[in-house]
Structures are given as C-alpha cells and as structure tokens.
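Chain residues, written in single-letter form:
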Amino acid sequence: MFSQRRNQEIREYTVKTFVKENDAIKAAKERAEKEHLPHISVSPNVGKLLAFLASLHQPKRILEIGTLAGYSTLWLAEGAPQAEIITIENNPKHAQVARENFSYAKKEKIQLIEEDALITLEKFLKEKHPPFDFIFLDAYKEGYPLYLPFLLQLSRDGTLLITDNLIPREEKINAPDPGNQIAVRTYEYNSLLSSNPHLNTIPIYTLVGDEGRLDALGITVISKS
Ligand code: DHB
Ligand code: MG
C-alpha cells in the first residue's frame, strides 16, 4: 500500500516546502544536467542536512571524497563558509564540471584534487596533513573499506564522518552476490564501521536517484579515546 510513488511525492513535497537551494547550488544542478552527468548527486534534503551538520559542527577543515558536479560541496560551503574544503574527484569530466560550478559560485577557495582518492589519502598521511573535522564520503563504493583506515588516521576526536549510500541497489539486504563488488564492499564497509568501538553511527534513511530508492546515509562520530 505504501508505494515508491508515494515516497517520491513525499520527497517532492517536503523539499518544496522546506529546502531552498541557493542560486549557485541551483546552477550547479543545471550544469550537471546539461553536461549529462549521472543523476547520483545527493537529494536536496541531504544537501541541506550536510549544510546543517556543518553549521552546527563548525569545522575548520572539510574533506569530501567524490565531488561529481560539486552539488554537495556547495551545500557544505553554505553551511561552513569559513571552512577550508578539499574535494577529491577522479573522473576528469566530473572534475571539469565541478570546477566550472565552483567558479560560477565564486568559491575558488574550494580545492579540487583530481586523482584517485587512495593516492591523495596516502599523500595526506605521509605529509602529516592536519586532521579533518568533517568528512563526506560519496565516491566509488568499491573504495569505501580501503578509504576508512586513512580517514580515521586523518581525523581528530569528534570528527564527523558522513557516508552516503550504506545500502546498495540489490534486492537482498546484506547478502551480496560475490560477483557484485559494489554490494560486497559496501556491506564490508558497514561491518567495519559497526564493529569499531571508536565509531558511533546513526543511519538516516534517504530516497536516492530519480526512482526514489530507499537507502541510508551514515552519520558517524569518531572518538579517539
Ligand atoms: C548511486 C547513488 C549514489 O548516491 C551514488 O553515490 C552512487 C550511485 C546509484 O543510485 O546508483
Ligand atoms: Mg551517493
């Protein structure tokens, strides 16, 4: 009786009622559409949640893995205008669109690094990069379990780690087909998160993509004690 269509209508209604995208964020979405980027940016309510959490947490340094067109990055910038934001994107086309969006938004301060995130994270660690206060992970799902140890080492006590897409597309939950690396790696990441006593995660349900598929976003507090 409760259909996916109804879920989508609820999403449309609540976003229209409560979420206002600023001009730069709207323009970023339009450019992503014009350049035929995949429709896998976070939904507007998740964008606003990122801004909300960032404004409450007052991070000095934000790290985002998986920029796409920079839609979520611009929400983070709205929530934490003073923060230094580093965002990593390995796809040259996506990186180019994101750079245009940041330039239009007059957010030249956002630093986009165009390379494989694992390489960047290794470099940060070697160079003893100061810890990030806020991390948003929304990249290739196969990489999630590999990024996690680096993210923990690049954190401080109280760093917030937000993870998009805790639930892969598959019908069966937590029973991935071994041939489906996206699903295997995502559930592996979830076990790493949940079994680590220094990590405390709350899953927030989200509706993703055009079809409004039910998924979850993780909000994790990293503790060092
Ligand atoms: C999809 C959704 C996402 O949020 C993402 O980061 C990657 C893929 C998807 O719907 O396939
Ligand atoms: Mg995502």
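Everything numeric here is computed off the predicted structure, so don't read it as measured data.

**Student:** Describe the overall build of the protein, with residues and values.
**Tutor:** Looking only at helices and strands, the protein has eight helices and seven strands in total. Residues classed as buried in the protein amount to 49% of the 225 residues present. In the protein, once contacts between residues fewer than 6 apart in sequence are set aside, the share between residues at least 24 apart is 70%. Only carbon and sulfur atoms are counted for the fraction: they give 56% of the accessible area of the protein, which is about 11,900 Å². The protein carries 27 positive and 30 negative side-chain charges, and their two centres are separated by 4 Å.

**Student:** Break down the coordination of the magnesium ion (ligand 2) for me, with residues and values.
**Tutor:** Surrounding the magnesium ion (ligand 2) are the protein donor atoms D138 (OD), D164 (OD) and N165 (OD1), which sit 2.0 to 2.1 Å from the metal. Mapping the donors of the magnesium ion (ligand 2) onto the primary sequence gives the spacing D-x25-D-N. With D138 in the loop between β4 (132–137) and α7 (144–153) and N165 in the loop between β5 (155–163) and α8 (181–195), this pair connects stretches of sequence that are 27 residues apart.

**Student:** Please set out the site of ligand 1 residue by residue, giving values where relevant.
**Tutor:** Surrounding ligand 1, one finds I40, D138, K141, D164, N165, R169 and R213. With respect to ligand 1, the side chain of K141 contributes an N or O atom lying 2.9 Å from an oxygen atom. Between ligand 1 and the protein, one listed contact pairs an oxygen atom with a side-chain N or O atom of R169 at 3.1 Å. Protein contacts shield 80% of the accessible area of ligand 1, which totals 290 Å² for the unbound molecule. For the shell around ligand 1, the per-class residue count stands at one nonpolar, one polar and five charged.

**Student:** Go over the packing of helix α3 (residues 44–57) against helix α4 (residues 71–79), please, and point to the residues and values.
**Tutor:** The N-to-C vectors of α3 and α4 enclose an angle of 35°; their axes lie 7 Å apart at closest approach. Judged by the twist between their axes, the crossing of α3 over α4 is right-handed. Residue-level contacts link P44, G47, K48, L50, A51, A54 and S55 of α3 to Y71, S72, W75, L76 and G79 of α4. Residues belonging to the contact of α3 with α4 are distributed by class as follows: seven nonpolar, four polar and one charged.

**Student:** Account for unusual backbone geometry, naming residues and giving values.
**Tutor:** Phi at L68 is positive, roughly 55°, even though this residue is not glycine. The topology assignment puts L68 in the loop between β1 (61–65) and α4. Classification of L68 as buried rests on a relative accessible area of 12%. Phi at K106 takes a positive value of approximately 55°, unusual for a residue other than glycine. Secondary-structure assignment places K106 in the loop between α5 (92–104) and β3 (111–113).

Cut-offs used in this document
The numbering scheme is per chain: residues are counted from 1 as the chain's sequence reads. Each chain gets a letter, beginning with A, and each ligand a number, beginning with 1, in the order they are written. Thresholds applied to this predicted model are a pLDDT of at least 70 for local features of residues and 80 or more for the giving and counting of side-chain atom pairs; totals over whole chains, interfaces and linings are not thresholded and use all residues. Based on all heavy atoms of the structure, the side-chain values leave hydrogens and waters out of the count. Secondary structure elements follow DSSP: runs of H or I no shorter than four residues count as helices, runs of E no shorter than two count as strands, and numbering proceeds from the N terminus. Residue burial is assigned from relative accessible area. The probe radius is 1.4 Å, only protein chains are included, and a residue is buried under 20% of its type maximum, exposed over 50%, and partly exposed in between. We call two residues in contact whenever any of their non-hydrogen atoms come within 4.5 Å of each other. Exposure was quantified through the Shrake-Rupley algorithm and a 1.4 Å probe, taking into account, for residues, occlusion by the shown protein chains and nothing else. His is not counted, nor are the chain ends, whereas Lys and Arg count as positive and Asp and Glu as negative. Positions of charges follow a simple convention, taking NZ of Lys, CZ of Arg, CG of Asp or CD of Glu. Atoms of type N, O and S within 2.8 Å of a metal are treated as its donors, and for Na, K and Ca the window is 3.2 Å; water is not considered, so some sites may appear to be missing partners. What makes a residue near a molecule or strand is one non-hydrogen atom of that residue sitting within 4 Å of it. Here a polar contact is recorded for every N or O atom pair within 3.5 Å, except that within protein the pair must consist of a potential hydrogen donor and a potential acceptor, and residues adjacent in sequence are included only if both atoms are side-chain atoms. Amino acid classes used here: Ala, Val, Leu, Ile, Met, Phe, Trp, Tyr, Cys and Pro are nonpolar; Asp, Glu, Lys and Arg are charged; the rest, including Gly, are polar. Interaxial angle, 0 to 180 degrees, is taken between N-to-C directions of lines fitted to C-alpha atoms, where a helix line uses only the stretch in contact. Throughout, a crossing is termed right-handed when the near helix is turned clockwise from the far one, and left-handed when it is turned anticlockwise from it by less than a right angle.

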